[in-house]
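Descriptive structure summary
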Amino acid sequence: MVLPFPAQGHVTPFMELSHRLVDHGFQVTFVCTEVIHALLLDTGTSGEALCGIRLVSVPDGMADGEDRRDLCKFVGAITRYVPGYVEDLIRDTEASGEKKVKWLIADVNLGFCFQGAMNLGVRVAAVWPAAAASLGMWSSIPKMIEDGFIDDKGVAKREGIYEIGPKMPPICTSRMPWCIDGPPEGQQLVFKLVVTDNAQATSLAEMVVCNSFLDAEPAAFELFPEILPIGPLFADQELRKPVGQFWPEDLSCLEWLDAQPGGSVVYVAFGSFTIFDPRQFRELAEGLELTGRPFLWVVRPDFTSGGLSKAWFDEFQSRVAGKGMVVSWCPQQQVLAHPAVACFVSHCGWNSTMEGVRNGVPMLCWPYFADQFTNRSYICDIWRTGLSVTLGDGVVAKEEVKGKIAQVIGDEGIAERVGTLRDAARRSITEGGSSHENFSRFVGLLNE
């Protein structure tokens, strides 16, 4: 039984892992919340396309119409209700005459589900779908409190940065990963819940694996050797199997890319959660136009906070027609693997980061919240495979967008380092590579 945290950035790597487990002969039941389950069915993630993965759902504890973007309310609900629903599902599965649930492979962020599963005789393993450094940071919270950097509510006690270890992304007081929208008491609630959940998961799990690779984070894996890298994860070499997208993919962008010169296209995507206000949206749009390059831009239906003029956006799309393509969602892995793509303007979610790395695409970093600032630090400061945008007067100006894209694409050092990291990523998942060997250990454990 596979259980991801109910968010796009978690469902995708868990679906990729599930395909890999099916390839190794396991029967996989993929458990998601009812809302996520409905989204997956709407986008065709079902039936034969899943190649043997069985989709089931549980409630998330929230009422219809409640705002699931309110992370404080959402995390509180799933913490209270999901463990009981998962235990009921385990009991019902076994009572129906199906095979006994032998393993729960769950998100570290759902550590509150582990003990209940174990009480029912189910063994547990944990998956961290992000950077090992991010999980290491959560493990270091007690030390950060002891050192006087934060208090037991996650509130900074002094300004500056905190170094967990050499050659690892530092933690900055202005960009702490648990700082989310909403009142301070909500942030403190999320901080306490996540600290507790992660500690439960890592202490109870028989193995903790993550979607990373050794050469990407050598310092983190040296400092936290209990975390085993098995990435970069992908469902299949041809990138055809469904990976749990929440929106329908516009496949016409692949034909459009086929018509573009090699290494010419700016790909722009900010994941499933980022929201821009209308002013920032216009600056980005006009900055892409100013580059004079072909661009592929993913604009989700809920990408702006409201107030954007439809007439202005229609006029913009008419101006750039033939040069720029705007889609509501796309098959990102296929896009990043396309030879026409020159760079990736990204929010720096970890899946996007790993997909960019695996395909050797330089990145322009535009993080939004949570661990995305940690990932930016890797990209810009440690790997040096991209650059970051800079705010000016509360907004990233169109001239900044144009200039940084030109710098990223034109920097020969970045191009060389991107290629080196890409090759290391690919070596890690081939026979004899560290991630390949760790995945074999994982499979061996599950077969016991």
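Calculation rules
- Numbering of residues starts from 1 in each chain and follows the order in which that chain's sequence is written.
- At least 70 in pLDDT is required for a residue's local features to be given in this predicted model, at least 80 for side-chain atom pairs to be given and counted, and no such filter applies to totals for whole chains, interfaces and linings, which use all residues.
- Only heavy atoms go into the side-chain values, all of them from the structure, while hydrogens and water stay out.
- UniProt positions are given in the numbering used here, feature names are shortened, and annotations may be inferred rather than shown by experiment.
- A pair of strands is considered paired only if DSSP assigns at least 2 bridges between the two.
- Numbering of helices and strands runs from the N terminus, with a helix taken as a DSSP run of H or I at least four residues long and a strand as a DSSP run of E at least two residues long.
- Lines fitted to C-alpha atoms define the axes, with helix axes restricted to the stretch in contact, and inter-axis angles between N-to-C directions lie between 0 and 180 degrees.
- Only heavy atoms enter the contact rule, under which two residues are in contact if any of them lie within 4.5 Å.
- A helix is expected to span 1.5 Å for every residue after the first.
- Here the term buried applies to any residue with accessible area under 20% of the maximum for its type, exposed to any over 50%, and partly exposed to those in between, with areas from a 1.4 Å probe on protein chains only.
- What the arc covers is the set of directions going from the helix axis to the C-beta atoms.
- For salt bridges, the criterion is a side-chain nitrogen of Lys or Arg within 4 Å of an Asp or Glu carboxyl oxygen.

- Naming follows an unreviewed UniProt entry, where the chain appears as Glycosyltransferase of Hordeum vulgare subsp. vulgare.
- Per its UniProt entry, the chain bears the Sequence similarities (unreviewed entry) comment "Belongs to the UDP-glycosyltransferase family."

**What about the sheet that holds strand 11 (residues 295–298)?**
- Across the sheet, which stays open at both edges, the 6 strands sit in the order 12-11-10-13-14-15 with parallel pairing between neighbours. Because the sheet does not close on itself, it has two edges, and the strands there are strand 12 (324–327) and strand 15 (386–388). With direction set aside, neighbouring strand axes in the sheet form an average angle of 15°.
- Pairing between strand 10 (residues 265–269) and strand 13 (residues 341–346): 5 bridges, direction parallel. Within the sheet, the bridge partner assigned to Val 265 lies in strand 13 and is Val 341.
- Contacts from helix 10 (residues 278–291) reach strand 10 and strand 11 within the one sheet, and its direction differs from that of strand 11 by about 165°.
- Running over the sheet, helix 14 (residues 372–382) touches strand 14 (363–365) and strand 15 and is turned about 120° from strand 15.

**Some thoughts on helix 17 (residues 434–446)**
- Its 13 residues give helix 17 an end-to-end C-alpha distance of 19 Å, which sits within 8% of 18 Å, the value for a rise of 1.5 Å per residue.
- Those residues of helix 17 not exposed but buried are Ser 435, Asn 438, Phe 439, Phe 442, Val 443, Leu 445 and Leu 446. Taken end-on, helix 17 shows its buried residues confined to a sector of 160°, consistent with a single buried face.
- Residues of helix 17 that are buried in the fold lie against helix 1 (8–23), strand 4 (103–107), strand 5 (123–128), strand 8 (208–210), strand 9 (227–229) and helix 16 (412–428).

**Looking at the pattern of salt bridges**
- With the rule as written, the count across this model stands at 17 salt bridges.
- A salt bridge links Lys 153 to Asp 152; its shortest N-O distance comes to 3.9 Å.
- Judged by relative accessible area, Lys 153 falls into the partly exposed class, the value being 38%.
- With its nearest N and O atoms 2.7 Å apart, the salt bridge here joins Arg 300 to Asp 302.
- Through salt bridges with shared partners, a single network forms among Glu 87, Asp 88 and Arg 91.

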